[in-house]
Amino acid sequence: VQLQASGGGLVQAGGSLRLSCAASGRTFSNYAMGWFRQAPGKEREFVAAISWSGRSAYYADSVKGRFTISRDNTKNTVYLQMNSLKPEDTAVYYCASKLGRTVVTGTLTGMDYWGKGTQVTVSS
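Predicted, not measured: the structure shown is a model, and the values here were computed from it.

**Description of the state of the cysteines**
(1) Moving on: Evaluation of the coordinates by the stated rule reveals 1 disulfide.
(2) Moving on: Cys-21 shares a disulfide with Cys-95; S-S distance 2.0 Å. Measuring handedness by torsion sign, the sulfur bridge of Cys-21 and Cys-95 sits at about 60° and is right-handed. Here Cys-21 is found in strand S3 (residues 17–24), whereas its partner Cys-95 is found in strand S9 (residues 91–99), with 74 residues between them in sequence.
(3) Moving on: Given a relative accessible area of 0%, Cys-21 falls into the buried group.
(4) Moving on: According to the relative accessible area criterion, Cys-95 is buried, its value standing at 0%.

And the structure:
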């Protein structure tokens, strides 16, 4: 699976952004999808995940209630709607896929494919 993330940018605190991740190469609906981020000087961390069907999702505590992950299997695309952004959300955001038609009940690990990141910068 080839993954291409887009939609990052510069936004003021309290603002919103929507990230997109377009997939190609394999059957998109066979994969759970996740968003991760890496801030300068920090390790990459899990943000959100969604099951192959879109019926289950899981969020990191730091973004719960502010971010929403969704997917459109007809467009081979996963989204991350980010609202009420904070300066601490500043990071490079990556999408990733994991093969499997299972529900998502927690943090996704062992991802199979990663896309190049998109920069999100939140100014205070």
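**Here's the deal with unusual backbone geometry**
In most cases, non-glycine residues show a negative phi, while peptide bonds are predominantly trans.
(1) Moving on: For Asn-76, which is not a glycine, the phi torsion comes out positive at approximately 55°.
(2) Moving on: With respect to the helices, strands and loops of the structure, Asn-76 is situated in the loop between strand S7 (67–72) and strand S8 (77–82).
(3) Moving on: At Ser-84, a position not held by glycine, the phi torsion is positive, near 50°.

How each quantity is defined
- Residues numbered from 1 in each chain as written.
- Predicted model: local features only at pLDDT ≥ 70, side-chain atom pairs only at ≥ 80, totals over all residues.
- Heavy atoms only, no water.
- Disulfide = S-S within 2.5 Å.
- Helix = DSSP H or I, 4+ residues; strand = E, 2+ residues; numbered from the N terminus.
- Buried < 20%, exposed > 50% of the residue type's maximum accessible area, 1.4 Å probe, protein only.

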